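An overview of the molecular structure
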Amino acid sequence: MSAAPPGEQPRVWPMYRAMVGVGLMCGLLIVGVFQWTGPRIARNRAEALERAIFQVLPAARSSTTFRLVDGERFEPRGEGDAADSLVHAGYDAEGELVGLALEGRGMGYQDVIHVLFGYAFADETVVGIRVLESRETPGLGDRIETDPGFLANFDALDVRLDESGSALAHAIEPVKPGEKTEAWQVDGITGATISSVAIANILDQSAAFWIPRIRARLDDFRGAQP
Amino acid sequence: MSDESVPTPGTDEFVKGLWRENPVFVQVLGMCPALAVSNTARNALAMGLATLFVLVGSNLVVSSLRHFVPRQVRIATYILVIATFVTVVDYAIQAISLDLHKALGAFISLIVVNCLILGRAEAFASRNHVGTALLDALGMGTGFVLALLSLGAVREILGSGSLFGVPLFHEGFQGWVVMILPAGGFFTLAGWLLLFNWLRERRATRLAALEPVGATGGGR
């Protein structure tokens, strides 16, 4: 490694040359690896999403992805359509609509948590949840994915709409561990308070956005099974 | 700065990281991932291999560029190189298994600030030939993998009753839950450090007993 003699000002050009040169090399390497692994990562994500849809809608045997158009109606997602504002309709073996898998995102303890949850029409409840992406602390925050007591909150979480049909009858409410008394409340996790409250808030926001729109346009989903 | 150190036998550069200068059990470096993601053997192995890859890649580049990078910007350059290899390994893990990527969480990105990697770049790779730097990185990286695996295996066996997900005990086995929580990392590390120090002390005592009376120098 080169160094300026004592008392002499270091030359600037070698520093620029080194930083720009190394930065360029690093940038090219990252772009190359991204290009190489990108399709594989996208395929892995699509497969994980497909698995998660059937996990949060256990009664479903097939699914179709829909896109929210103009903020009010749903159309089957076409090739090349944007990957936002999507919902996934699940159909049973007879082709009857059994529910929808809805996505939600929100800030957790360390980073954004991305979840998928199942919404069953029959009893207007959330019937399952899967964390698609999170960077919560291993051993603590990541218990939102594994803690059986916490996951039991989402066996039949009440998300009924009010009489106007434009909002949830009861907001999904996080409570301290063991204090759940109502069907719309979510018991937290000791040691993972921020992560578990984040999940309740994500579900509340996502359900409040999607469910009134879905209930108003149920016919968009019927007869669209693959 | 003197550019080249006194050459040492290649095998020693590799072997020193495994035992005598093990990064976790002797130098006590990289504690954050060592304690946080060693709750299962699989996570520990994956984090160890990811760190090994970053260590080898950054040592190779830093050693190759040691005549090109001025002293004043060396740390910034090393961080740039290390961050690049961490990004590469992040993409690679996502391409291999999203579940594994999820299990390792934020700790993949945090390899950037693992002092083991910056330490080897600054203290060794920037002053030695590429081949020697490669052996050093392989030795230190393998030592890190073995250390994480030792922690992860003990914690998974005691905490979950399994190893690499394979159940080892009968169905009624009640895992010692604290072992898969962060506290279990400290307990397990303490146990391993106790064992390592006891072995080193015993070896030093034996070597001292074998040396002729009046001879100087310790053997560790």
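Structure: above.
Overview of the structure. (Residues numbered from 1 in each chain as written. Chains lettered and ligands numbered in written order. Predicted model: local features only at pLDDT ≥ 70, side-chain atom pairs only at ≥ 80, totals over all residues. Heavy atoms only, no water.)

Turning next to the packing of aromatic side chains. All names here are of chain B. Applying the stated rule across the entire model yields twelve aromatic pairs over all chains. Ring geometry for Phe-53 and Phe-85: centres 6.1 Å apart, planes at 70 degrees, overall edge-to-face. On the criterion of sequence distance, the pair formed by Phe-53 in helix α3 (residues 41-64) and Phe-85 in helix α4 (residues 74-96) is long-range, its members being 32 residues apart. Relative accessible area serves as the criterion here: at 39%, Phe-53 is assigned to the partly exposed category. (Phe/Tyr/Trp six-rings, centres within 6.5 Å; stacked < 30°, edge-to-face > 60°. Helix = DSSP H or I, 4+ residues; strand = E, 2+ residues; numbered from the N terminus. Buried < 20%, exposed > 50% of the residue type's maximum accessible area, 1.4 Å probe, protein only.)

Take helix α7 (residues 130-160) of chain B next. Given a rise of 1.5 Å per residue, 31 residues ought to cover 45 Å, and the 43 Å separating the end C-alpha atoms of α7(B) matches this to within 8%. Just beyond α7(B), the residue with positive phi is B:Gly161, at close to 70 degrees. (Expected span 1.5 Å × (residues − 1).)

With that out of the way, let us pick up the layout of surface pockets. Looking at the largest pocket, its volume works out to about 1100 Å³. Along the wall of the largest pocket there are 39 residues; nearest its centre are A:Leu49, A:Glu103, A:Arg105, A:His114 and A:Leu132. Elements supplying a minimum of two residues to the lining of the largest pocket: α1 (12-56), β3 (86-91), β4 (97-107), β5 (112-120), β6 (125-133) and α3 (193-216) of chain A together with α5 (98-104) of chain B. The element that contributes the greatest number of residues to the lining of the largest pocket is α1(A), accounting for ten residues. Looking at side-chain class alone, the lining of the largest pocket contains 15 nonpolar, eleven polar and 13 charged residues. If you add up the space inside the second largest pocket, you get close to 800 Å³. Looking at the second largest pocket, it is lined by 29 residues, and the ones nearest its centre are A:Asp142, A:Arg143, A:Glu145, A:Thr146 and B:Asn39. (1 Å grid on protein atoms, 1.4 Å probe; cavity = no way out; pocket = protein on both sides within 12 Å on 5 of 7 lines; lining within 4 Å. Points joined across faces, edges and corners; volume = space filled by probe spheres on them. Nonpolar A, V, L, I, M, F, W, Y, C, P; charged D, E, K, R; others polar.)

What follows is about the pattern of salt bridges. Between side chains of opposite charge, a pair can form as their charged atoms come close. This structure, assessed with the given rule, holds eleven salt bridges over all chains. A salt bridge links A:Glu145 to B:Lys102; the nearest nitrogen and oxygen atoms lie 3.3 Å apart. Remark: B:Lys102 occurs in helix α5 and A:Glu145 occurs in the loop between β6 and α2 (148-151); the pair is interchain, linking two chains. For B:Lys102, a relative accessible area of 18% corresponds to the buried category. B:Arg120 is paired through a salt bridge with B:Asp136; the nearest N and O atoms lie 2.9 Å apart. Placement of the pair is B:Arg120 in helix α6 (residues 115-123) and B:Asp136 in helix α7, with a sequence separation of 16 residues. When salt bridges that share partners are traced, they join B:Glu13, B:Lys16, B:Arg120 and B:Asp136 into one network. (Salt bridge = Lys/Arg side-chain N within 4 Å of Asp/Glu carboxyl O.)

Okay, the nonpolar core next. Counting 46 residues, the largest nonpolar core has B:Val24, B:Met47, B:Val54, B:Leu104, B:Ile111, B:Leu148 and B:Leu189 as the members making the most contacts within it. Elements with a minimum of two residues in this core: α1 of chain A together with α2 (31-36), α3, α4, α5, α6, α7 and α8 (182-210) of chain B. Setting aside residues no more than four positions away along its own chain, B:Val24 makes contact with B:Leu29, B:Met31, B:Phe144, B:Ala147, B:Leu148, B:Leu189 and B:Leu193. If you look at the next biggest cluster of nonpolar residues, it comprises 39 residues, including A:Phe74, A:Val87, A:Ile172 and A:Leu203. (Core = buried A, V, L, I, M, F, W, Y, C linked by side-chain atoms within 4.5 Å. Contact = heavy atoms within 4.5 Å.)

Residue and element names in this part refer to chain B. Tracing the sequence through the fold places Arg-155 in helix α7. For the buried Arg-155, no salt bridge is present, and the opposite-charge side chain at shortest range is Glu-156, 9.8 Å distant. If we skip the residues at most four places from it in the chain, Arg-155 touches Leu-35, Ser-38, Asn-39, Ser-160, Met-179, Ile-180, Leu-181, Pro-182, Gly-184, Gly-185 and Thr-188. (Lys, Arg positive; Asp, Glu negative; His and termini not counted.)

Next up on the list: the sheet that holds β4(A). Residue and element names in this part refer to chain A. As summarised here, the arrangement of the seven strands in space is β2-β1-β3-β4-β5-β6-β7, forming an open sheet in which the pairing is antiparallel. The sheet is open, and its two edges are formed by β2 (73-76) and β7 (157-158), each paired on a single side. Both strand β1 (residues 62-69) and β2 contribute to a ladder of four bridges, which runs antiparallel. From the neighbouring strand, Val-69 faces β2, where its bridge partner is Arg-73. Lying on the sheet, α1 is in contact with β1, β3, β4, β5 and β6; it crosses β6 at an angle near 160 degrees. In the packing of α3 onto the sheet, the strands contacted are β1, β2, β3, β4, β5, β6 and β7, and the crossing angle to β5 comes to about 50 degrees. (Pairing = 2+ DSSP bridges. Axes fitted to C-alpha atoms, helices over the stretch in contact; angles between N-to-C directions.)

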